[in-house]
Amino acid sequence: EKQQSACRHSVIKSILETDMSRHFGEMTKMTGHITRLEEDIDDTMRAVEDYAARPSLLSQLSRDRHAKLRQKFLPWMLHLADISNPTKKHDVSLQWVNCCYDEFFLQGDKER
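These numbers come from a predicted model, not from an experiment.

Cut-offs used in this document
Residues numbered from 1 in each chain as written. Predicted model: local features only at pLDDT ≥ 70, side-chain atom pairs only at ≥ 80, totals over all residues. Heavy atoms only, no water. Helix = DSSP H or I, 4+ residues; strand = E, 2+ residues; numbered from the N terminus. Buried < 20%, exposed > 50% of the residue type's maximum accessible area, 1.4 Å probe, protein only. Areas by Shrake-Rupley, 256 points an atom, 1.4 Å probe, with all protein chains shown as cover. Axes fitted to C-alpha atoms, helices over the stretch in contact; angles between N-to-C directions. Parallel < 35°, antiparallel > 145°, perpendicular 65-115°, else oblique. Left-handed = near helix turned anticlockwise from the far one by under 90°. Contact = heavy atoms within 4.5 Å. Core = buried A, V, L, I, M, F, W, Y, C linked by side-chain atoms within 4.5 Å. Salt bridge = Lys/Arg side-chain N within 4 Å of Asp/Glu carboxyl O. pLDDT = per-residue confidence, 0-100. Nonpolar A, V, L, I, M, F, W, Y, C, P; charged D, E, K, R; others polar.

**Focus: the overall build of the chain**
For step 1, the next point in the chain: If you tally the helices and strands in the chain, you get 6 helices and 0 strands.
For step 2, the next point in the chain: When the helices and strands of the chain are placed in sequence order, the string is α-α-α-α-α-α.
For step 3, the next point in the chain: Looking at the chain as a whole, 19% of its 112 residues qualify as buried.
For step 4, the next point in the chain: Of the roughly 9200 Å² of accessible surface on the chain, a fraction of 58% belongs to carbon and sulfur atoms.

**Section: the packing of helix α1 (residues 2-16) against helix α5 (residues 67-83)**
For step 1, the next point in the chain: In contact at an axis separation of 8 Å, α1 and α5 are set at 40° when each is read in the N-to-C sense. In terms of axis orientation, α1 runs oblique to α5. Handedness of the α1/α5 crossing: right-handed. Contacts between α1 and α5 involve Ser10, Ser14 and Ile15 from the former and Leu74, Pro75 and Leu78 from the latter.

**Topic: the nonpolar core**
For step 1, the next point in the chain: Met30, Leu37, Leu61, Leu69 and Trp76 together form the largest nonpolar core, which totals 5 residues.
For step 2, the next point in the chain: In contact with methionine 30, other than residues within four places in its own chain, are Leu69, Lys72, Phe73 and Trp76.

**Section: the side chain of glutamate 26**
For step 1, the next point in the chain: With respect to the helices and strands, glutamate 26 occurs in helix α2 (residues 23-40).
For step 2, the next point in the chain: Not counting residues within four places of it along the chain, the set of residues in contact with glutamate 26 comprises Glu17, Lys72 and Trp76.

**Description of the pattern of salt bridges**
For step 1, the next point in the chain: Enumeration over the complete set of coordinates arrives at 4 salt bridges.
For step 2, the next point in the chain: Between arginine 22 and glutamate 17 there is a salt bridge, with its nearest N and O atoms 3.0 Å apart.
For step 3, the next point in the chain: Take glutamate 17: its relative accessible area is 9%, and that puts it in the buried class.
For step 4, the next point in the chain: Between glutamate 26 and arginine 22 there is a salt bridge, with its nearest N and O atoms 3.2 Å apart.

**Focus: the confidence of the model for the chain**
For step 1, the next point in the chain: This prediction gives the chain a mean pLDDT of 81; 86% of its residues lie at or above 70.
For step 2, the next point in the chain: Here helix α3 (residues 43-46) is the element of the chain with the lowest mean pLDDT, 63, and helix α6 (residues 90-111) is the one with the highest, 88.

**Topic: the side chain of asparagine 85**
For step 1, the next point in the chain: Mapped onto the elements of the fold, asparagine 85 is located in the loop between α5 and α6.
For step 2, the next point in the chain: Contacts of asparagine 85, omitting those with residues within four sequence positions, involve Val92, Ser93, Trp96 and Val97.

**Points about the packing of α2 against α5**
For step 1, the next point in the chain: One can describe the packing of α2 onto α5 by two numbers: an axis separation of 11 Å at closest approach and a directional angle of 130°. Of the possible angle classes, the one that applies to α2 and α5 is oblique. Where α2 crosses over α5, the two elements pack in a sense that is left-handed. Two secondary-structure elements touch here, α2 through His23, Glu26, Met27, Met30, His33, Ile34 and Leu37 and α5 through Lys68, Leu69, Lys72, Phe73, Trp76, His79 and Ile83.
For step 2, the next point in the chain: The residue inventory of the contact of α2 with α5, partitioned by class, reads 8 nonpolar, 3 polar and 3 charged.

Put into structure tokens, the structure is as follows:
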């Protein structure tokens, strides 16, 4: 039950994070998180000459000190997916727009 509650909270938060009124503030916060993550990669690993052997940003997320970033990552990825529609081919973008309209109207009908 505790996991279910945490999952529900995460999903609700992720959906609310897609609100464009929060976009620039959240973008600034996420940029700060990523910058700190990049700075946190050990200097010894940066010194590795083989670029492929260097740690990725995502591999660093498992560290406890990056818990806040992990909590922000799913909502941020959902937001990026949400706003990326115009970058898709026109026919694909149009299908997504129609799906969104259908969802919005269904939600409006439920809330009446």
